[in-house]
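A structural walkthrough
So the chains spell out like this:
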Amino acid sequence: MKKIAIFGSTGSIGESTLNIIRENPDLFSAITLVAGKNIQKLRNQIEEFKPKNIYIIEQKNAIKLKEEYPYLNVFYGQEGMEKISKLTDFDIGVSALVGIAGLKPTYNMIKNGKTVALANKEVLVAGGELIMNTAKQNNATLLTVDSEHSAIMQCLQGEKQNPIDKILLTASGGPFFDKEITDEITVEQALNHPTWKMGPKVTIDSSTMMNKGFEVIEAKWLFDVNPEQIQVVVHRKSIVHSMVQFKDGTIMANLGPKSMQIPIAYALNYPNRLINHIEKIDLFDIKTLTFEKPNLEKFQCLKLAFEAIQKGHSYQVVLNAANEVLVDAFLNKKITYMQIPKGIQKMLATHKLTKLNTVEEILALDKKIKEETKKMIEN
Ligand SMILES: NC(=O)c1ccc[n+]([C@@H]2O[C@H](COP(=O)([O-])OP(=O)(O)OC[C@H]3O[C@@H](n4cnc5c(N)ncnc54)[C@H](OP(=O)(O)O)[C@@H]3O)[C@@H](O)[C@H]2O)c1
(Lines give C-alpha, C1' and ligand atoms only; values in the text may rest on other atoms or scores of the structure.)
Protein backbone atom coordinates (compact mmCIF):
# COMPACT_ATOMS: atom_id res chain seq x y z
CA MET A 1 0.00 0.00 0.00
CA LYS A 2 1.51 3.35 -1.07
CA LYS A 3 0.83 6.35 1.14
CA ILE A 4 0.11 9.46 -0.92
CA ALA A 5 0.54 13.08 0.21
CA ILE A 6 -1.55 15.38 -1.96
CA PHE A 7 -0.54 19.04 -2.09
CA GLY A 8 -3.64 20.64 -3.65
CA SER A 9 -6.17 17.93 -2.75
CA THR A 10 -9.18 20.22 -3.30
CA GLY A 11 -8.11 21.18 -6.83
CA SER A 12 -8.66 19.52 -10.18
CA ILE A 13 -5.48 17.36 -10.09
CA GLY A 14 -6.01 16.67 -6.37
CA GLU A 15 -9.54 15.40 -6.97
CA SER A 16 -8.41 13.22 -9.89
CA THR A 17 -5.72 11.76 -7.61
CA LEU A 18 -8.32 11.03 -4.93
CA ASN A 19 -10.52 9.32 -7.56
CA ILE A 20 -7.64 6.95 -8.28
CA ILE A 21 -7.19 6.27 -4.55
CA ARG A 22 -10.97 5.75 -4.20
CA GLU A 23 -10.94 3.21 -7.05
CA ASN A 24 -7.83 1.40 -5.76
CA PRO A 25 -8.11 1.22 -1.96
CA ASP A 26 -5.87 -1.85 -1.80
CA LEU A 27 -3.02 0.01 -3.58
CA PHE A 28 -3.13 3.57 -2.25
CA SER A 29 -4.18 5.61 0.77
CA ALA A 30 -4.19 9.39 1.27
CA ILE A 31 -1.99 10.14 4.30
CA THR A 32 -1.73 13.93 3.78
CA LEU A 33 -4.22 16.39 2.32
CA VAL A 34 -3.17 19.97 1.64
CA ALA A 35 -5.86 22.48 0.72
CA GLY A 36 -5.98 26.25 0.29
CA LYS A 37 -9.30 27.82 1.25
CA ASN A 38 -11.98 25.24 0.53
CA ILE A 39 -12.69 24.01 4.05
CA GLN A 40 -15.91 22.18 3.15
CA LYS A 41 -14.31 20.16 0.36
CA LEU A 42 -11.38 19.34 2.66
CA ARG A 43 -13.82 18.26 5.39
CA ASN A 44 -15.54 15.89 2.95
CA GLN A 45 -12.17 14.49 1.94
CA ILE A 46 -11.17 13.97 5.60
CA GLU A 47 -14.43 12.07 6.22
CA GLU A 48 -13.89 9.81 3.23
CA PHE A 49 -10.10 9.28 3.10
CA LYS A 50 -9.19 9.47 6.81
CA PRO A 51 -5.76 11.14 6.38
CA LYS A 52 -3.23 11.60 9.18
CA ASN A 53 -2.03 15.12 8.29
CA ILE A 54 -3.92 18.06 6.85
CA TYR A 55 -3.15 21.66 5.93
CA ILE A 56 -5.37 24.68 5.32
CA ILE A 57 -4.10 28.24 4.82
CA GLU A 58 -6.04 30.14 7.50
CA GLN A 59 -5.48 29.58 11.21
CA LYS A 60 -9.19 29.96 12.07
CA ASN A 61 -10.07 27.12 9.68
CA ALA A 62 -7.27 24.98 11.06
CA ILE A 63 -8.61 25.52 14.61
CA LYS A 64 -12.11 24.50 13.48
CA LEU A 65 -10.82 21.33 11.83
CA LYS A 66 -8.70 20.41 14.87
CA GLU A 67 -11.82 20.71 17.05
CA GLU A 68 -13.80 18.51 14.68
CA TYR A 69 -11.01 15.95 14.15
CA PRO A 70 -8.77 16.04 17.27
CA TYR A 71 -6.77 12.99 16.14
CA LEU A 72 -5.45 14.82 13.02
CA ASN A 73 -2.12 16.63 12.70
CA VAL A 74 -3.36 20.03 11.52
CA PHE A 75 -1.06 22.60 9.89
CA TYR A 76 -1.70 26.16 8.65
CA GLY A 77 0.08 29.28 7.43
CA GLN A 78 3.56 29.57 5.94
CA GLU A 79 5.23 27.81 8.85
CA GLY A 80 2.70 24.98 8.66
CA MET A 81 3.42 24.51 4.95
CA GLU A 82 7.13 24.22 5.75
CA LYS A 83 6.42 21.59 8.40
CA ILE A 84 3.93 19.47 6.46
CA SER A 85 6.13 19.39 3.36
CA LYS A 86 9.07 18.18 5.45
CA LEU A 87 7.20 15.17 6.85
CA THR A 88 8.57 11.93 5.47
CA ASP A 89 5.73 9.55 6.33
CA PHE A 90 4.52 9.20 2.71
CA ASP A 91 5.67 7.24 -0.34
CA ILE A 92 4.65 9.66 -3.11
CA GLY A 93 4.04 13.38 -2.84
CA VAL A 94 1.69 14.80 -5.47
CA SER A 95 2.72 18.38 -6.21
CA ALA A 96 -0.56 19.95 -7.38
CA LEU A 97 -0.70 23.36 -5.75
CA VAL A 98 -1.20 26.11 -8.27
CA GLY A 99 1.45 28.76 -8.99
CA ILE A 100 4.68 29.55 -7.18
CA ALA A 101 3.08 28.34 -3.91
CA GLY A 102 4.15 24.87 -5.04
CA LEU A 103 7.87 25.64 -5.29
CA LYS A 104 9.02 25.44 -1.66
CA PRO A 105 6.94 22.40 -0.62
CA THR A 106 8.10 20.51 -3.73
CA TYR A 107 11.70 21.51 -3.04
CA ASN A 108 11.35 20.28 0.56
CA MET A 109 10.04 16.89 -0.55
CA ILE A 110 12.85 16.52 -3.09
CA LYS A 111 15.46 17.61 -0.55
CA ASN A 112 14.25 14.72 1.61
CA GLY A 113 14.85 12.29 -1.27
CA LYS A 114 11.15 11.53 -1.74
CA THR A 115 9.31 10.50 -4.90
CA VAL A 116 7.31 13.42 -6.27
CA ALA A 117 4.54 13.23 -8.86
CA LEU A 118 4.80 16.69 -10.35
CA ALA A 119 1.74 18.45 -11.78
CA ASN A 120 2.63 22.01 -10.81
CA LYS A 121 4.30 23.56 -13.87
CA GLU A 122 5.47 26.68 -12.10
CA VAL A 123 7.92 24.61 -9.98
CA LEU A 124 10.16 23.89 -12.98
CA VAL A 125 9.47 27.23 -14.70
CA ALA A 126 10.77 29.13 -11.67
CA GLY A 127 13.14 26.58 -10.17
CA GLY A 128 14.18 24.20 -12.98
CA GLU A 129 17.92 23.89 -12.47
CA LEU A 130 17.73 24.00 -8.67
CA ILE A 131 14.96 21.38 -8.54
CA MET A 132 16.73 19.01 -10.96
CA ASN A 133 20.08 19.33 -9.17
CA THR A 134 18.49 18.91 -5.74
CA ALA A 135 16.67 15.80 -6.96
CA LYS A 136 19.94 14.33 -8.27
CA GLN A 137 21.90 15.17 -5.10
CA ASN A 138 19.27 13.60 -2.85
CA ASN A 139 18.27 10.61 -4.99
CA ALA A 140 14.73 11.89 -5.24
CA THR A 141 12.53 10.64 -8.06
CA LEU A 142 10.61 13.16 -10.13
CA LEU A 143 7.69 11.70 -12.08
CA THR A 144 5.71 14.07 -14.23
CA VAL A 145 1.92 13.93 -14.35
CA ASP A 146 1.42 16.64 -16.92
CA SER A 147 -0.21 14.71 -19.78
CA GLU A 148 2.30 15.94 -22.39
CA HIS A 149 5.36 15.22 -20.27
CA SER A 150 4.01 11.89 -19.13
CA ALA A 151 3.54 11.05 -22.82
CA ILE A 152 7.16 12.04 -23.56
CA MET A 153 8.39 10.04 -20.56
CA GLN A 154 6.52 7.01 -21.91
CA CYS A 155 7.89 7.52 -25.45
CA LEU A 156 11.39 7.49 -23.96
CA GLN A 157 10.99 4.21 -22.05
CA GLY A 158 13.84 1.89 -23.08
CA GLU A 159 15.36 4.56 -25.36
CA LYS A 160 18.19 5.82 -23.12
CA GLN A 161 20.87 4.99 -25.72
CA ASN A 162 19.01 6.69 -28.58
CA PRO A 163 19.62 10.43 -28.98
CA ILE A 164 16.55 12.65 -29.26
CA ASP A 165 16.22 14.77 -32.36
CA LYS A 166 13.12 16.68 -31.30
CA ILE A 167 10.37 16.64 -28.74
CA LEU A 168 7.04 17.32 -30.41
CA LEU A 169 5.00 18.93 -27.66
CA THR A 170 1.33 18.90 -28.57
CA ALA A 171 -1.06 21.74 -27.72
CA SER A 172 -4.83 21.82 -28.06
CA GLY A 173 -4.65 25.47 -29.10
CA GLY A 174 -7.30 26.41 -26.53
CA PRO A 175 -10.63 28.12 -27.19
CA PHE A 176 -9.25 30.89 -29.43
CA PHE A 177 -7.08 29.01 -31.89
CA ASP A 178 -9.56 29.53 -34.76
CA LYS A 179 -10.92 32.83 -33.44
CA GLU A 180 -9.69 36.36 -33.27
CA ILE A 181 -8.11 37.38 -29.97
CA THR A 182 -9.54 40.72 -28.86
CA ASP A 183 -9.96 42.79 -25.73
CA GLU A 184 -13.63 41.81 -25.70
CA ILE A 185 -12.85 38.21 -24.67
CA THR A 186 -14.66 37.49 -21.41
CA VAL A 187 -13.56 35.38 -18.46
CA GLU A 188 -16.32 32.90 -19.25
CA GLN A 189 -15.14 32.50 -22.86
CA ALA A 190 -11.51 32.04 -21.78
CA LEU A 191 -12.52 29.45 -19.19
CA ASN A 192 -14.38 27.41 -21.80
CA HIS A 193 -11.54 25.06 -22.80
CA PRO A 194 -12.44 22.82 -25.75
CA THR A 195 -10.80 19.60 -24.56
CA TRP A 196 -9.61 19.66 -20.92
CA LYS A 197 -11.36 20.42 -17.63
CA MET A 198 -8.82 22.06 -15.29
CA GLY A 199 -8.45 24.66 -12.54
CA PRO A 200 -9.08 28.33 -13.53
CA LYS A 201 -5.46 29.54 -13.66
CA VAL A 202 -4.18 26.77 -15.91
CA THR A 203 -7.31 27.10 -18.11
CA ILE A 204 -6.55 30.79 -18.75
CA ASP A 205 -2.89 29.90 -19.33
CA SER A 206 -4.06 27.34 -21.90
CA SER A 207 -6.18 29.92 -23.69
CA THR A 208 -3.23 32.34 -24.00
CA MET A 209 -0.85 29.41 -24.71
CA MET A 210 1.37 30.59 -21.85
CA ASN A 211 0.73 27.10 -20.56
CA LYS A 212 2.59 25.70 -23.57
CA GLY A 213 5.48 28.08 -22.96
CA PHE A 214 5.68 26.78 -19.39
CA GLU A 215 5.60 23.23 -20.72
CA VAL A 216 8.53 23.93 -23.06
CA ILE A 217 10.55 25.02 -20.01
CA GLU A 218 9.40 21.94 -18.08
CA ALA A 219 10.37 19.64 -20.97
CA LYS A 220 13.80 21.22 -21.26
CA TRP A 221 14.53 20.37 -17.62
CA LEU A 222 12.82 17.00 -17.39
CA PHE A 223 14.34 15.55 -20.57
CA ASP A 224 17.64 17.45 -20.65
CA VAL A 225 17.19 18.90 -24.16
CA ASN A 226 17.85 22.34 -25.66
CA PRO A 227 14.81 24.57 -26.14
CA GLU A 228 15.55 24.46 -29.90
CA GLN A 229 14.85 20.73 -29.78
CA ILE A 230 11.29 21.32 -28.57
CA GLN A 231 8.67 22.00 -31.20
CA VAL A 232 5.15 23.03 -30.22
CA VAL A 233 2.61 21.27 -32.43
CA VAL A 234 -1.03 22.31 -32.31
CA HIS A 235 -3.20 19.20 -32.33
CA ARG A 236 -6.80 20.23 -31.79
CA LYS A 237 -8.27 16.89 -30.74
CA SER A 238 -5.86 16.24 -27.83
CA ILE A 239 -5.66 12.55 -28.74
CA VAL A 240 -1.88 12.53 -29.27
CA HIS A 241 -0.47 13.68 -25.94
CA SER A 242 3.04 14.35 -27.32
CA MET A 243 5.77 12.69 -29.38
CA VAL A 244 9.50 12.14 -29.56
CA GLN A 245 11.38 12.19 -32.84
CA PHE A 246 14.67 10.25 -32.76
CA LYS A 247 17.76 10.88 -34.87
CA ASP A 248 16.83 8.03 -37.27
CA GLY A 249 13.58 9.79 -38.11
CA THR A 250 11.35 7.49 -36.05
CA ILE A 251 8.59 9.27 -34.17
CA MET A 252 7.19 7.64 -31.04
CA ALA A 253 3.77 8.98 -30.05
CA ASN A 254 1.54 8.52 -27.04
CA LEU A 255 -2.19 8.51 -27.73
CA GLY A 256 -5.06 8.07 -25.32
CA PRO A 257 -8.27 9.36 -23.78
CA LYS A 258 -8.44 12.94 -22.50
CA SER A 259 -8.28 12.14 -18.82
CA MET A 260 -5.71 13.38 -16.31
CA GLN A 261 -6.40 10.24 -14.27
CA ILE A 262 -4.29 8.20 -16.72
CA PRO A 263 -0.98 10.13 -16.36
CA ILE A 264 -1.56 10.60 -12.61
CA ALA A 265 -2.19 6.85 -12.15
CA TYR A 266 0.89 6.06 -14.25
CA ALA A 267 3.01 8.16 -11.88
CA LEU A 268 1.43 6.71 -8.74
CA ASN A 269 1.86 3.13 -9.95
CA TYR A 270 5.04 3.70 -11.99
CA PRO A 271 6.19 1.84 -14.05
CA ASN A 272 3.01 -0.22 -14.14
CA ARG A 273 -0.21 0.93 -15.75
CA LEU A 274 -3.41 0.86 -13.74
CA ILE A 275 -6.59 -0.62 -15.19
CA ASN A 276 -9.43 1.92 -15.16
CA HIS A 277 -13.00 2.41 -16.39
CA ILE A 278 -12.22 5.40 -18.61
CA GLU A 279 -13.75 5.06 -22.07
CA LYS A 280 -11.10 3.95 -24.58
CA ILE A 281 -10.56 5.86 -27.82
CA ASP A 282 -11.85 4.38 -31.07
CA LEU A 283 -9.61 5.38 -33.99
CA PHE A 284 -12.44 4.71 -36.47
CA ASP A 285 -14.51 7.37 -34.68
CA ILE A 286 -11.60 9.82 -34.70
CA LYS A 287 -10.68 9.23 -38.37
CA THR A 288 -8.24 12.15 -38.74
CA LEU A 289 -5.50 13.70 -36.65
CA THR A 290 -4.26 17.16 -37.60
CA PHE A 291 -1.05 19.03 -36.70
CA GLU A 292 -0.42 22.76 -37.14
CA LYS A 293 2.19 25.38 -36.30
CA PRO A 294 1.28 27.84 -33.54
CA ASN A 295 0.97 31.48 -34.58
CA LEU A 296 3.36 33.34 -32.28
CA GLU A 297 2.16 36.77 -33.43
CA LYS A 298 -1.35 35.87 -32.30
CA PHE A 299 -0.35 34.00 -29.14
CA GLN A 300 1.91 36.67 -27.67
CA CYS A 301 2.24 34.84 -24.35
CA LEU A 302 3.87 31.86 -26.07
CA LYS A 303 6.24 34.22 -27.89
CA LEU A 304 7.13 35.91 -24.59
CA ALA A 305 7.80 32.53 -23.01
CA PHE A 306 10.24 31.67 -25.82
CA GLU A 307 11.93 35.05 -25.33
CA ALA A 308 12.26 34.43 -21.59
CA ILE A 309 13.80 31.01 -22.28
CA GLN A 310 16.41 32.63 -24.55
CA LYS A 311 17.21 35.39 -22.07
CA GLY A 312 17.84 33.17 -19.05
CA HIS A 313 16.51 31.85 -15.78
CA SER A 314 15.54 35.04 -13.92
CA TYR A 315 13.45 36.13 -16.94
CA GLN A 316 11.45 32.91 -16.55
CA VAL A 317 10.81 33.76 -12.90
CA VAL A 318 9.59 37.22 -14.01
CA LEU A 319 7.43 35.67 -16.75
CA ASN A 320 5.79 33.36 -14.23
CA ALA A 321 5.30 35.96 -11.49
CA ALA A 322 3.83 38.62 -13.79
CA ASN A 323 1.59 36.05 -15.46
CA GLU A 324 0.27 34.80 -12.12
CA VAL A 325 -0.78 38.31 -11.04
CA LEU A 326 -2.20 39.30 -14.43
CA VAL A 327 -4.20 36.08 -14.85
CA ASP A 328 -5.62 36.55 -11.36
CA ALA A 329 -6.54 40.16 -12.22
CA PHE A 330 -8.23 39.00 -15.43
CA LEU A 331 -10.17 36.29 -13.55
CA ASN A 332 -11.32 39.01 -11.13
CA LYS A 333 -12.30 41.24 -14.06
CA LYS A 334 -9.80 43.98 -13.17
CA ILE A 335 -8.00 43.90 -16.54
CA THR A 336 -8.85 42.90 -20.10
CA TYR A 337 -7.62 39.74 -21.82
CA MET A 338 -5.05 41.55 -24.00
CA GLN A 339 -3.59 43.22 -20.93
CA ILE A 340 -2.19 39.85 -19.85
CA PRO A 341 0.54 39.66 -22.56
CA LYS A 342 1.00 43.46 -22.54
CA GLY A 343 1.67 43.43 -18.79
CA ILE A 344 4.09 40.52 -18.99
CA GLN A 345 5.96 42.22 -21.82
CA LYS A 346 6.37 45.36 -19.72
CA MET A 347 7.70 43.44 -16.76
CA LEU A 348 10.16 41.49 -18.91
CA ALA A 349 11.34 44.66 -20.65
CA THR A 350 12.48 46.31 -17.41
CA HIS A 351 14.19 43.22 -15.98
CA LYS A 352 17.96 42.63 -15.97
CA LEU A 353 19.31 39.08 -15.77
CA THR A 354 20.29 38.11 -12.21
CA LYS A 355 21.72 34.89 -10.84
CA LEU A 356 19.33 33.03 -8.56
CA ASN A 357 20.96 30.25 -6.56
CA THR A 358 18.45 29.36 -3.87
CA VAL A 359 14.70 28.92 -3.42
CA GLU A 360 14.75 32.00 -1.19
CA GLU A 361 16.32 34.12 -3.96
CA ILE A 362 13.76 32.86 -6.49
CA LEU A 363 10.89 33.59 -4.08
CA ALA A 364 12.28 37.07 -3.34
CA LEU A 365 12.34 37.95 -7.06
CA ASP A 366 8.85 36.44 -7.49
CA LYS A 367 7.57 38.64 -4.64
CA LYS A 368 9.19 41.78 -6.03
CA ILE A 369 7.79 41.24 -9.53
CA LYS A 370 4.34 40.47 -8.17
CA GLU A 371 4.33 43.72 -6.17
CA GLU A 372 5.47 45.69 -9.22
CA THR A 373 2.88 44.00 -11.46
CA LYS A 374 0.11 44.81 -8.97
CA LYS A 375 1.24 48.45 -8.89
CA MET A 376 1.24 48.53 -12.69
CA ILE A 377 -2.35 47.21 -12.71
CA GLU A 378 -3.48 49.84 -10.19
CA ASN A 379 -1.99 52.60 -12.34
N1 LIG B 1 -5.82 20.50 -14.02
C2 LIG B 1 -5.09 19.89 -14.93
O3 LIG B 1 -5.62 19.12 -15.75
C4 LIG B 1 -3.61 20.10 -14.99
C5 LIG B 1 -2.87 19.40 -15.93
C6 LIG B 1 -1.48 19.51 -15.91
C7 LIG B 1 -0.85 20.34 -15.00
N8 LIG B 1 -1.59 21.04 -14.11
C9 LIG B 1 -0.91 21.90 -13.14
O10 LIG B 1 -1.19 21.41 -11.83
C11 LIG B 1 -1.29 22.49 -10.90
C12 LIG B 1 -2.67 22.42 -10.24
O13 LIG B 1 -3.65 22.62 -11.23
P14 LIG B 1 -5.20 22.45 -10.93
O15 LIG B 1 -5.87 22.57 -12.23
O16 LIG B 1 -5.42 21.23 -10.10
O17 LIG B 1 -5.46 23.76 -10.06
P18 LIG B 1 -6.70 24.09 -9.11
O19 LIG B 1 -7.87 23.28 -9.50
O20 LIG B 1 -6.83 25.54 -9.09
O21 LIG B 1 -6.20 23.56 -7.67
C22 LIG B 1 -5.18 24.18 -6.95
C23 LIG B 1 -5.05 23.54 -5.59
O24 LIG B 1 -4.04 24.21 -4.84
C25 LIG B 1 -4.60 24.68 -3.60
N26 LIG B 1 -3.88 25.89 -3.26
C27 LIG B 1 -3.70 26.99 -4.04
N28 LIG B 1 -2.91 27.88 -3.40
C29 LIG B 1 -2.58 27.33 -2.22
C30 LIG B 1 -1.78 27.75 -1.12
N31 LIG B 1 -1.17 28.94 -1.10
N32 LIG B 1 -1.66 26.91 -0.06
C33 LIG B 1 -2.28 25.71 -0.06
N34 LIG B 1 -3.05 25.26 -1.07
C35 LIG B 1 -3.20 26.06 -2.13
C36 LIG B 1 -6.07 24.87 -3.89
O37 LIG B 1 -6.82 24.86 -2.68
P38 LIG B 1 -8.32 25.49 -2.54
O39 LIG B 1 -9.05 25.15 -3.80
O40 LIG B 1 -8.83 24.75 -1.33
O41 LIG B 1 -8.17 26.95 -2.31
C42 LIG B 1 -6.32 23.62 -4.75
O43 LIG B 1 -6.38 22.48 -3.93
C44 LIG B 1 -1.06 23.76 -11.72
O45 LIG B 1 0.29 24.13 -11.63
C46 LIG B 1 -1.38 23.34 -13.16
O47 LIG B 1 -0.69 24.10 -14.10
C48 LIG B 1 -2.95 20.91 -14.07
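For the structure, check the block above.
Residue positions are given per chain, counted from 1 along the sequence in the order it is written. Reporting in this predicted model follows two pLDDT cut-offs: at least 70 for local features of residues, and 80 or more for side-chain atom pairs to be given and counted; totals over whole chains, interfaces and linings ignore these cut-offs and use all residues. Based on all heavy atoms of the structure, the side-chain values leave hydrogens and waters out of the count.

1. Some points on the overall build of the chain
Per the convention used, a helix needs a DSSP run of H or I reaching at least four residues, while a strand needs a run of E reaching at least two, with both numbered from the N terminus. For the chain, the helix and strand inventory stands at 16 helices and eleven strands. It is over C-alpha atoms that the radius of gyration is taken, and the globule rule equals 2.2 Å times the number of residues to the power 0.38. Radius of gyration (C-alpha) of the chain: 20 Å, near the 21 Å computed for a compact globule of 379 residues. Taken along its principal axes, the extent of the C-alpha atoms in the chain is 55 × 55 × 40 Å. Per-residue burial over the chain gives 56% buried out of 379 residues. Contact definition: two residues touch when any of their heavy atoms are within 4.5 Å. Within the chain, contacts between residues at least 6 apart in sequence are counted, and of these 68% link residues at least 24 apart. Only the protein chains shown count as cover for residues, and the accessible areas themselves come from Shrake-Rupley with a 1.4 Å probe. Here the chain has roughly 17500 Å² of accessible surface; of this, 52% comes from carbon and sulfur atoms. Each residue is placed in one exposure class: buried if its accessible area under a 1.4 Å probe, protein chains only, is under 20% of its type's maximum, exposed if it is over 50%, and partly exposed if it falls in between.

2. Describing the site of the ligand
Lining the immediate surroundings of the ligand are 27 residues, of which Thr10, Gly36, Lys37, Glu122 and Gly199 lie closest. The definition of a polar contact used here is a pair of N or O atoms within 3.5 Å, where within protein one atom must be able to donate a hydrogen and the other to accept one, and adjacent residues in sequence count solely through side-chain atom pairs. In this structure, glycine 11 approaches the ligand through a main-chain N or O atom, which is 2.9 Å from an oxygen atom. Within the contact set of the ligand, an oxygen atom lies 2.9 Å away from a backbone nitrogen or oxygen of asparagine 38. Relative to its free-state accessible area of 900 Å², the ligand is covered by the protein chains to the extent of 86%. Taken together, the elements giving at least two residues each to the shell around the ligand come down to helix 1 (12-23), helix 6 (121-137) and helix 9 (200-208). Taken together, the residues of the shell around the ligand break down into 14 nonpolar, nine polar and four charged. In these notes, residues near a molecule or strand are those with any non-hydrogen atom within 4 Å of it. Think of it as three bins: nonpolar holds Ala, Val, Leu, Ile, Met, Phe, Trp, Tyr, Cys and Pro, charged holds Asp, Glu, Lys and Arg, and polar takes everything else, Gly as well.

3. So, the sheet that holds strand 9 (residues 230-234)
What makes two strands pair is DSSP finding at least two bridges between them. In space, the four strands of this open sheet follow the order 9-8-10-11, with mixed pairing throughout. In this open sheet, the two strands that pair with only one neighbour each are strand 9 and strand 11 (251-255). Shown here is a sheet whose adjacent strand axes are inclined to one another by a mean of 20°, direction ignored. In this sheet, strand 10 (residues 240-246) lies alongside strand 8 (residues 164-171) in antiparallel orientation, the contact comprising four bridges. Each bridged residue has a counterpart across the sheet, and for lysine 166 the counterpart in strand 10 is glutamine 245. Lines fitted to C-alpha atoms define the axes here, with helix axes fitted over just the stretch in contact, and angles between the N-to-C directions of these axes take values from 0 to 180 degrees.

4. Details of the environment of isoleucine 335
Looking at where isoleucine 335 falls in the secondary structure, it is placed in the loop between helix 14 (313-331) and helix 15 (339-349). Distance from isoleucine 335 to methionine 198, taken between C-alpha atoms, is 22 Å for residues 137 residues apart in sequence. Setting aside chain neighbours within four positions, we find isoleucine 335 in contact with Leu326, Ala329, Phe330, Ile340 and Ile377.

5. Observations regarding the packing of aromatic side chains
Two aromatic rings, drawn from Phe, Tyr or Trp (for Trp, its six-membered ring), form a pair once their centres lie within 6.5 Å of each other, and the interplanar angle then sorts them: stacked below 30 degrees, edge-to-face above 60, tilted otherwise. This model, assessed by the stated rule, comprises five aromatic pairs. Here the aromatic rings of tyrosine 69 and tyrosine 71 are separated by 6.3 Å at their centres, their planes lie at 85°, and the arrangement is edge-to-face. Residue class for tyrosine 69 comes out buried when judged on its relative accessible area of 6%. Judged by centre distance (5.6 Å) and plane angle (85°), the rings of tyrosine 266 and tyrosine 270 are edge-to-face. Relative accessible area serves as the criterion here: at 5%, tyrosine 266 is assigned to the buried category. Residue class for tyrosine 270 comes out partly exposed when judged on its relative accessible area of 31%. Three or more aromatic residues joined by ring pairs make a cluster, and in this case those are Phe176, Phe330 and Tyr337.

6. A look at the nonpolar core
The nonpolar core is taken to be a set of buried Ala, Val, Leu, Ile, Met, Phe, Trp, Tyr and Cys residues, with the residues joined through side-chain atoms within 4.5 Å. Counting residues in each nonpolar core, the largest one holds 120 residues, and the members touching the most others are Leu319, Ile340 and Ile344. Broken down by element, the residue count for this core peaks at ten residues, all from helix 14. Here isoleucine 344 is in contact with Met210, Cys301, Leu304, Leu319, Ala322, Asn323 and Leu326, once residues within four sequence places are set aside.

7. Some points on the packing of helix 10 (residues 210-223) against helix 13 (residues 300-311)
Between helix 10 and helix 13, the shortest axis-to-axis distance is 7 Å and the interhelical angle comes to 25°. Considered as vectors, helix 10 and helix 13 are oriented roughly parallel to each other. Judged by the twist between their axes, the crossing of helix 10 over helix 13 is right-handed. Residues Met210, Lys212, Gly213, Val216 and Ile217 of helix 10 form the contact with helix 13, whose participating residues are Cys301, Leu302, Ala305, Phe306 and Ile309. Classifying every residue of the contact of helix 10 with helix 13 gives eight nonpolar, one polar and one charged. In this scheme, roughly parallel covers angles under 35 degrees and roughly antiparallel covers those over 145, while 65 to 115 is roughly perpendicular and the rest are oblique. Rotating anticlockwise by less than a right angle from the far helix to the near helix defines a left-handed crossing, while the corresponding clockwise rotation defines a right-handed one.

8. Re the pairing of strand 7 (residues 141-144)
Where strand 6 (residues 115-118) and strand 7 come together, four bridges link them in parallel fashion. Bridge pairing in strand 7 links threonine 115 to threonine 141. With helix 6 bridging strand 6 and its parallel neighbour strand 7, the resulting β-α-β unit is right-handed. A crossover counts as right-handed when, viewed with the strands pointing away from the observer, the path leading from the first strand over the helix to the second turns clockwise.

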